[in-house]
Amino acid sequence: MSYQRLPYTKWGWAELRAELAATLCGRIRRSPAARQLADGLAKLLNVPHVLAVNSGRTALRVGLEALMQLRPGRNEVIVPAFICPAVIEVVSSLGLLPLAAAVGPDLNFDPGACVQRIGSRTLAIIVADMYGCPAQIEAFEIIASTARVFLVDDAVQVVGESADGLMLGTFGDFGVLSFAQSKCVVTGESGGGGALICHQNDILSIVRERVEALAPAGGQLRALTAFVWNYLLESHTASLSYRWQRLRQHFPGGRPPALEPGRISNLDAQLALAQLNSLSQRREQRLRILGQDAHALASAGASGHMPQFSRGRYLARVMVSMPPGVDLESCRRQLRQGSVCTRQGYPTPLGGPRSAKGMRELAASLIELPAYAEMTAGDVAAVCQRLHRVAAASRKPVPNRQDGDDHEQCYQ
Ligand SMILES: *Cc1c(COP(=O)(O)O)cnc(C)c1O
């Protein structure tokens, strides 16, 4: 089988041209494209204001800082227990306390679990559309307004999808988007861009002032090169990169510098514009592959299911949940030997018996499958059959479950 890679984005001539134009004209940092991108996003999302920044984290940070200014006595932020660690990183770095509550079977925040965490110190609730699957955002709007706390719509993993006729990212007190490597509009590695969407006047005036005071990011040529090398050319460069990473650990100063908040660079904005143009085409390709995956998994026998799948629903990633007893590490190793790339779900950073019951098992059961644009139905079927085979071979009997601890042992 040919090399089966994960769904990093597809770049065409438009992206290449954008990159060359910005670089050759010396307009990496400043310029017209940031404004054009903000306007394009505002039009797509049907909102009056979008602020383009250099990452999802910057957008989240700037928004949360405004909320802290408006409600200074409050320091707790309720987050889903299964979420990108970058969210926790931002919340904690602002001196706020992240409190986790459970997610449901669709990997999205469970409104009932969230309500139980609300208290007199709650500043905000962050709701994310995990892997592009729309969260129950309207239920959260009611919860947040009843409890008089802020609501953040983290639509970082999806651009241009809607729920009940409104675009994701436009709910709550502010919303955030990102253009990092594993999202659906991709300009490079993390730091390649993001956006803050806000239409509450009191918050908007604070965030706008803060964003205007930021310098435009430096164009991230280094991150861009890393993205092209590590993701777009992955099938040629994967083993070289792996060796290089191992070598680099032995030298001091090998880590990339921490991301400074900034506005989006001209280069990244140009790339994001090109990616927005191909959004609907890429969406169609993804829907086709998702349907083929669901079909192939069902016909391969019950060795895994897609917890977020629903016909016609866009998903940013193909996540499959494997049954208890399957040794995911061993499956992934064997698939890699057969040229099939996979990833695991996010680790769940927030433990605690009350907040994260069952979350570790959930995260440990998830495997992400390849879904690149040119993937054929035959490729999809072959990947699913292979997964089925290695999973069946690695499966151990699951001990009878008496309590949570027993269950946990199957994954350790
Ligand atoms: C990736 C991600 C972020 C952070 O975006 P960056 O652009 O990488 O800073 C925030 N929230 C969620 C849900 C994410 O997946």
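In what follows, the structure referred to is the one given above.
Now for a look at the structure at hand. The model shown is predicted, which means the values in this text are computed figures rather than measured ones.

In this section: the layout of surface pockets. Reported here for the second largest pocket is a volume of approximately 680 Å³. As for the second largest pocket, its lining consists of 39 residues, of which Thr 9, Lys 10, Trp 11, Cys 184 and Arg 282 are closest to the centre. Looking at the lining of the second largest pocket, the elements with two or more residues in it are helix H1 (13-24), helix H2 (32-45), helix H8 (221-232), helix H9 (234-248), helix H10 (266-277) and helix H11 (279-299). The element best represented in the lining of the second largest pocket is H11, accounting for seven residues. Grouping the amino acids of the lining of the second largest pocket by side-chain chemistry returns 21 nonpolar, seven polar and eleven charged. Both domains that furnish three or more residues to the lining of the second largest pocket are identified here as domain 1 (13-212) and domain 2 (279-409).

What follows is about the pattern of salt bridges. In this structure the tally under the stated criterion is ten salt bridges. The salt bridge involving Glu 89 is made with Arg 57; its shortest N-O contact spans 3.5 Å. With a gap of 32 residues between them, Glu 89 in helix H4 (residues 85-93) and Arg 57 in helix H3 (residues 56-70) connect regions that are remote in the sequence. Residue classification places Arg 57 among the partly exposed positions, given a relative accessible area of 22%. Among the salt bridges present, the one from Lys 396 reaches Asp 327, with a minimum N-O distance of 3.9 Å. Residue Lys 396 is found in the loop between helix H14 (377-394) and helix H15 (404-409), and its partner Asp 327 is found in the loop between strand E10 (318-321) and helix H12 (328-337); the two are separated by 69 residues along the sequence.

Right, let's get into the pairing of strand E9 (residues 194-197). Consecutive residues of a regular strand have side chains that alternate between opposite faces of the sheet. The two faces of E9 match: Gly 194 and Leu 196 on one face and Ala 195 and Ile 197 on the other face are all buried. Bridge count between strand E1 (residues 50-53) and E9: four bridges; the pairing is antiparallel. Along E9, the bridge assignment pairs Val 53 with Gly 194. Taken together, the four bridges between strand E8 (residues 174-178) and E9 define a ladder with antiparallel strand orientation. Bridge pairing links Leu 177 to Ala 195 in E9.

To continue, consider helix H7 (residues 201-213). The periodicity of an α-helix, 3.6 residues per turn, causes residues three or four places apart in sequence to face the same way. With 13 residues, H7 should cover 18 Å at 1.5 Å per step; its first-to-last C-alpha distance of 18 Å lies within 8% of that length. For H7, the full list of buried residues reads Ile 203, Leu 204, Ile 206, Val 207 and Val 211.

Before going further, it helps to spend a moment on the nonpolar core. With 120 residues, the main nonpolar core has Leu 37 and Ile 125 as its most contacted residues. Per element, the largest residue contribution to this core is seven residues, and it comes from H11. A domain-level breakdown of this core finds at least three residues from each of domain 1 (13-212) and domain 2 (279-409). Leave out the neighbours within four places in its chain, and Leu 37 touches Ala 52, Phe 179, Ile 264, Ala 269, Ala 272, Leu 273 and Leu 276.

Per the counting criterion, the structure on display carries one cavity of 30 Å³ or more. Looking at the largest cavity, its volume works out to about 50 Å³. What lines the largest cavity is Tyr 131, Gln 157, Ser 182, Lys 183, Ala 316, Arg 317, Arg 343 and Tyr 346. Each of two domains, domain 1 (13-212) and domain 2 (279-409), supplies a minimum of three residues to the lining of the largest cavity.

Before going further, it helps to spend a moment on the sheet that holds E8. Across the sheet, which stays open at both edges, the seven strands sit in the order E1-E9-E8-E5-E4-E2-E3 with mixed pairing between neighbours. Each of the sheet's edge strands pairs with one partner strand only, and the pair in question is E1 and strand E3 (97-101). Averaged over all neighbouring strand pairs, the angle between strand axes comes to 25°, with direction disregarded. Each of E1, E8 and E9 is contacted by H2, which is oriented at about 135° to E1, the strand it contacts most. Against the sheet, H3 touches E1, strand E4 (122-128), strand E5 (150-154), E8 and E9, its axis set at about 165° to E8.

Okay, the site of the ligand next. The full set close to the ligand counts 14 residues, and Gly 56, Gln 157, Ser 178, Lys 183 and Ser 190 are the nearest of them. Contacts to the ligand include Arg 57, whose side-chain N or O atom sits 2.7 Å from an oxygen atom. Contact between the ligand and Asp 154: a nitrogen atom at 2.8 Å from a side-chain N or O atom of the residue. Burial of the ligand by the surrounding chains reaches 96%, relative to a free accessible area of 380 Å².

Rules behind the numbers
Residues numbered from 1 in each chain as written. Predicted model: local features only at pLDDT ≥ 70, side-chain atom pairs only at ≥ 80, totals over all residues. Heavy atoms only, no water. 1 Å grid on protein atoms, 1.4 Å probe; cavity = no way out; pocket = protein on both sides within 12 Å on 5 of 7 lines; lining within 4 Å. Points joined across faces, edges and corners; volume = space filled by probe spheres on them. Helix = DSSP H or I, 4+ residues; strand = E, 2+ residues; numbered from the N terminus. Nonpolar A, V, L, I, M, F, W, Y, C, P; charged D, E, K, R; others polar. Domains from an automatic or database assignment. Salt bridge = Lys/Arg side-chain N within 4 Å of Asp/Glu carboxyl O. Buried < 20%, exposed > 50% of the residue type's maximum accessible area, 1.4 Å probe, protein only. Pairing = 2+ DSSP bridges. Expected span 1.5 Å × (residues − 1). Core = buried A, V, L, I, M, F, W, Y, C linked by side-chain atoms within 4.5 Å. Contact = heavy atoms within 4.5 Å. Axes fitted to C-alpha atoms, helices over the stretch in contact; angles between N-to-C directions. Near = heavy atom within 4 Å. Polar contact = N/O pair within 3.5 Å; in protein donor to acceptor, adjacent residues only side chain to side chain. Areas by Shrake-Rupley, 256 points an atom, 1.4 Å probe, with all protein chains shown as cover.

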